Structure formats: structure tokens, C-alpha cells
Amino acid sequence: LRNNPRYPPGPSGYPLVGNIFKFSPVGPWTKLTEYKEKLKTDILFFHGLGNSILVLNSMEAITDLLDKEGGISSDRPVFTVVGELMGLGQARKLAHTALGPNAVKRYHTIQEDLAVLLCKSMLEKPLDFFGHVRLISSRIVLAITYGLSVDQADNEYITDAEATMDMVGRSTRPGAFLCDLIPVMKYLPSWMPFQQEAKKGREMIESLVTKPYNYALQHMASGEHPSLVQELWDSTSERSLGFQHDLKWMTGSLYGAAGDSNYATILTFMMAMAMYPEKQRLAQAEIDRVVGSERMPSVSDRASLPYVNALIKETMRWHPALPLGIARSTSKDTTYRGFLIPKGTVVLPNVWAIAFDPAQSNADEFVPERFLAEDTAPVDPGLWAFGFGRRICPGKHLAENSVFIIISSLLATLDISLPPNGVVNPEFDKDHLVSYPHDFKCTINARSSTTENLVQIRAQECKV
Ligand code: HEM
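Here is what the cut-offs are and how they apply
- Residues numbered from 1 in each chain as written.
- Predicted model: local features only at pLDDT ≥ 70, side-chain atom pairs only at ≥ 80, totals over all residues.
- UniProt positions renumbered as here; feature names shortened; annotations may be inferred.
- Axes fitted to C-alpha atoms, helices over the stretch in contact; angles between N-to-C directions.
- Helix = DSSP H or I, 4+ residues; strand = E, 2+ residues; numbered from the N terminus.
- Parallel < 35°, antiparallel > 145°, perpendicular 65-115°, else oblique.
- Contact = placed C-beta atoms within 7 Å.
- Nonpolar A, V, L, I, M, F, W, Y, C, P; charged D, E, K, R; others polar.
- Pairing = 2+ DSSP bridges.
- Near = placed C-beta within 6 Å.
- Buried ≥ 20, exposed ≤ 12 C-beta atoms within 10 Å, placed from the backbone.
- Arc of directions from axis to C-beta.
- pLDDT = per-residue confidence, 0-100.

The name given to the chain in an unreviewed UniProt entry is Cytochrome P450, and the organism recorded there is Roridomyces roridus. According to the UniProt record, the Cofactor (unreviewed entry) comment for the chain is "heme".

Here's what the structure looks like:
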């Protein structure tokens, strides 16, 4: 097969350079979804100059290659800049155990407290809602991972992380790795700044993972700031340099990976609420019925709020935070449906194609009810938004609880509506790995004086 390869289908290319340049580096997910219809195939192959990319455009192809064939498709491409941050290395198992479905129960209170503080900030400074969402997304993971309590969006832990993750997001977006992949490009003069950026990027990442880790180590003795770092440190007496290195980078990866997708999901929810007030009212009515107005929602209400859950699924479907997941690469040659997939192929699960399956009517509209329809419900984003197989997101359970408690607390206490000019344009970033809403405005008010009082009183009880 190698001598006479039959590659999976893809757009037509040119002699020598193949079709790799047909892979658009900016916001490629919609184009890749169009190819699915145009070429009538759910697997697309791009190749040229010794490199190859395989795009998986259906749940079936994704499950076959990233789950069942996980033994050969669970590497990540080597990102020149990001290196170790995109993987958990030896410590992956540790991360999955530490953040498993039962283990995350002990974080409910932190998540509930931080959701209340978010509502309070929204009421006090509604115009700064982007900053508030940014702050809570970082706060949850900093508190849990490092026992670090920060209360300002301009705290250095948050601003450093933002600058670093902006760089990481650009360096790992689909297409950015073309310059990693096509070695000759690195020698072209236009790539020179990239080389300098790579060095600076590595320094930023080193500092991102080291600073909060050292904080956690320094505060362990006092016992006042329990953290994941401390728990894993205490779990063994064999603390070799290798163990310490893995622990530092594993927790750093959690810190790096956690904030952006949460940020994107909550902002997408707020945008949808401003645009679809009637859906907001239905979710609020359910919360009023089930939770009442005497208390804030808690994580344990999750199973009793079917409409709110459908609304969260629709948020994740309407605009997936990671439209192309996080790239994988194959560790050896393999065949799929009779086609050769060469070793080192970058594999991209295009979950956008699942979210926008043509079988769904009005896929551009925000309709939570589609997830309540028994026969025609789309595939649950819980099955595709967090990745697949052995590289599935270790933060999934924590993240699902965070997203639930933030969204239900906001719904319970605030009305989100259109800005004074009456317009929200649903526009999203296409230039990073995580795709979040572009700057937009909305109006935020307390639902009533009762909900306002509830937030103020409950905020005084917060221990974070
Ligand atoms: C709404 C929130 C989130 C979404 C949508 C999300 C989604 C994803 C996806 C799609 C992947 C790639 C999985 C694959 O290759 O199959 C991933 C990986 C990862 N996520 Fe998340 N994630 C979220 C929140 C979090 C949180 C809260 C944490 C940490 C506490 C986290 C930590 C990680 C790490 C460390 C990886 C890399 C795993 C590996 O390479 O083995 N994520 N996430």
C-alpha cells in the first residue's frame, strides 16, 4: 500500500505540493463541513510536502479512529511553541483520577460560592461582564489546583495566564501547526519572527506553570490552602525529580486548559440569552418552580432541571467552544475503510459537522427544545465537546458542573437582554484553538429585588 498509496478523499490538489494549501488556517471548520456535503464523504485528507491532515466529519469516523483505534491515534502533534503544555505525559492517569466523577464532588461548594460572587459582580458592574466571566473561569481552576484565591481580573496570575493562553491559542489553532509540520517553511524569511516567538512562548509557558505551583508548595505546610498539588504531593512518599516535574506540568496543563473553554461557553450562553429572551424565560420559570426564590441553585439541582440542561447542551451545540477539538496525530501507518493513513498524520475531529448536522432543522437558531425531542434529538454535546478515547478532557466532570452552576445561578438572579441599540451580532473568533464570542454588549439587570437581596446575603457566606 505504501508504494501505491490510496489516500482518503479530499479536495483536488497540485502536483508536488498536493492539496495541503486548500486547508484554510482561519476558521476552517465551516469550510470542512461544506466539503462533507460537496465531496459526499465524512473523512477528508489533505497532504503535501511530506505532511498529512485527516479531518473526521462524523461521529462514526471519530469513534472508529479516536476511540476504537485509540492505540495509534492518541499522540498530539509536536507544537513548536507549546510543547509539554498540551499533554499530560506520565501524569494523565493521575489527572483523570483526581478529577473523576466522584472526586469532583468535593469542589461543589467552591463552584457554588464562585458562581454567587459572579452574580454579585454582574449586578455591581454589568458593563464589565466579559471581565467577570474571565475571572470566574480562572478562579475555579486556581482555587482547586493551587489553593490560590484571587479576586481581581487584573491579578498577575490571571493576566499572565491570559497573555500566555492567547499565544498558545494562536500557536495551536488548526493551521498554525502547518508551520510546525512543513519544515521547509521554517527556513523561509517570513517565518523568522515565528522562531523568536517560539522562544518567548516557551519562557511564558515555563513561568505560567511554575509560579502558581511554587505558591502551592510554599503554602502546603500551613494547611490553609488545600489544593490538588498538595493532595497529589501527599499521595506518595516517592517524590523523585521526575514525579515533581510531572506534577508541575500536569497541574500546569489543567490550569492552561481549563479557563478558555469555560469562558467561551459562558459568553456564548450570555449572547444567546440576549438574542433569545423567550428561551431564557422558560429556563427561569423552571428554576423558580424547582429551586424557588429562597435560595441559590446548587450543583445537586442538576438532575432536576431538564430545560436548563437542554439549554446548556444547545449552548454547546450552537457554537462549540473547540470546533475542531484538539489535534491528535497517528503513531504508525494504518488503514481505514481501505485507505492509507500514514504515520504522523494530524487527525482533527471536526465536531462542528456534528453540531451542524443537516438532519437538524434550523441549525443556526438557538432551540433548546431540540434536545428534549425523543426521536430527533441531536447527538448530546457531552459525547463530543470534551474529546474522545484516552485523551478525553480530564476536566470534563469539573467543567460540566462549573458550566451548570454558573448558568443556572445567572438565570436564577439576572435578566440578560439586548443592549440599548437593540442588536447583538453573533460573531466568533476564528483565529484561536478556542472560539469565543467577539466583543458584544448586552443589558444585565437583577430579576427582582428579592433575587438581588438573595445574591448579597449569600455572597457574605462565601468562603473563597
Ligand atoms: C467547557 C469546558 C471544557 C471543554 C469544552 C473542554 C474540551 C476539551 C477537549 C475537546 C479536549 C481534547 C480532547 C481530545 O483530544 O480528545 C480537552 C483536553 C484537555 N482538557 Fe478540557 N475542556 C473543558 C474544560 C477543562 C477543564 C475545566 C480542565 C481542567 C481542570 C481541562 C483540562 C484539559 C486537559 C489537561 C486536556 C488535555 C488532555 C490530554 O491531552 O490528555 N479542560 N478539553
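Past the structure itself, the notes keep going.
Participant: Whenever I open this one, the packing of helix α12 (residues 241–275) against helix α14 (residues 306–318) confuses me. Can you help?
Facilitator: A pair of packed helices can be characterised by two numbers: the angle between their axes and the separation between those axes. At a minimum axis separation of 9 Å, α12 and α14 run at an interaxial angle of 105°. The orientation of α12 relative to α14 falls into the category roughly perpendicular. The residues of α14 that touch α12, namely those facing T265, T268, F269 and A272, are T315, M316 and W318. Of the residues assigned to the contact of α12 with α14, the class counts are 4 nonpolar, 3 polar and no charged.

Participant: Sorry if this is basic, but what is going on with the UniProt feature "binding site: heme" (unreviewed entry) in the chain here?
Facilitator: Residues annotated in UniProt with the feature "binding site: heme" (unreviewed entry) correspond here to C393. If we ignore the near neighbours within four places in the chain, the residues touching C393 are F386 and G387.

Participant: Even after reading the chapter, I still don't get the sheet that holds strand β6 (residues 346–349), so can you show me in this structure?
Facilitator: Sheet strands pair by backbone hydrogen bonding; their relative direction is either parallel or antiparallel. Read from one edge of the open sheet, 4 strands run β1-β2-β6-β3, paired in mixed fashion. One side of each edge strand has no neighbouring strand; the edge strands of this open sheet are β1 (43–48) and β3 (328–329). The strands that helix α2 (residues 59–68) touches are β1, β2 (51–56), β3 and β6; relative to β6, the one it contacts most, it runs at about 140°.

Participant: What should I look at first to understand the site of the ligand in this one?
Facilitator: In the vicinity of the ligand lie 28 residues, with A257, S261, G387, C393 and G395 positioned nearest. Residue assignment for the shell around the ligand shows that the elements contributing at least two residues are α12 and α16 (396–413). With 7 residues, α12 is the largest single contributor of residues to the shell around the ligand. Among the residues forming the shell around the ligand, the class breakdown is 17 nonpolar, 8 polar and 3 charged.

Participant: So what exactly am I meant to see when it comes to helix α1 (residues 28–38) here?
Facilitator: Within α1, the full set of buried residues consists of P28, W29, L32, T33, Y35 and K36. In an axial view of α1, the angular spread of the buried residues amounts to 150°, which keeps them on one side of the axis. Turned more than 90 degrees away from the buried face of α1 sit E34, E37 and K38, all of them exposed. Buried residues in α1 make contact with β1, β2 and α15 (352–355). After α1 finishes, the residue K40 shows a positive phi value of roughly 55°.

Participant: Would you mind going over the environment of A272 with me for this structure?
Facilitator: Along the chain, A272 turns up in helix α12. Taking C-alpha positions, A272 is 9.2 Å from V424, a pair spaced 152 residues apart along the chain.

Participant: Before we go on, may I ask you to explain the environment of I312 in this structure?
Facilitator: Its place among the elements puts I312 in helix α14. Overall, I312 belongs to the buried group, with 25 C-beta atoms counted inside 10 Å.

Participant: So what exactly am I meant to see when it comes to the confidence of the model for the chain here?
Facilitator: For any part of a model where pLDDT is low, the fine detail of the predicted coordinates should not be relied upon. Considering every residue of the chain, the mean pLDDT works out to 86; 88% of them sit at 70 or more. Segment residues 177–193: pLDDT under 50, and 21 contacts once partners within four positions in sequence are set aside and those in other chains are kept. Among the prediction metrics, the complex's ipTM stands at 0.99, with pTM recorded as 0.91.

Participant: Help me understand unusual backbone geometry in this model?
Facilitator: Residues apart from glycine generally show negative phi values, whereas peptide bonds are mostly found in trans. With a phi angle near 50°, R337 is a residue other than glycine that sits in the positive phi range. As for its placement among the helices and strands, R337 is situated in the loop between β4 (334–336) and β5 (339–341). A positive phi is found at N362, a non-glycine position, where the angle reads about 45°. By secondary structure assignment, the location of N362 is in the loop between α15 and α16. Overall, the presence of 8 C-beta atoms within 10 Å leaves N362 in the exposed class.

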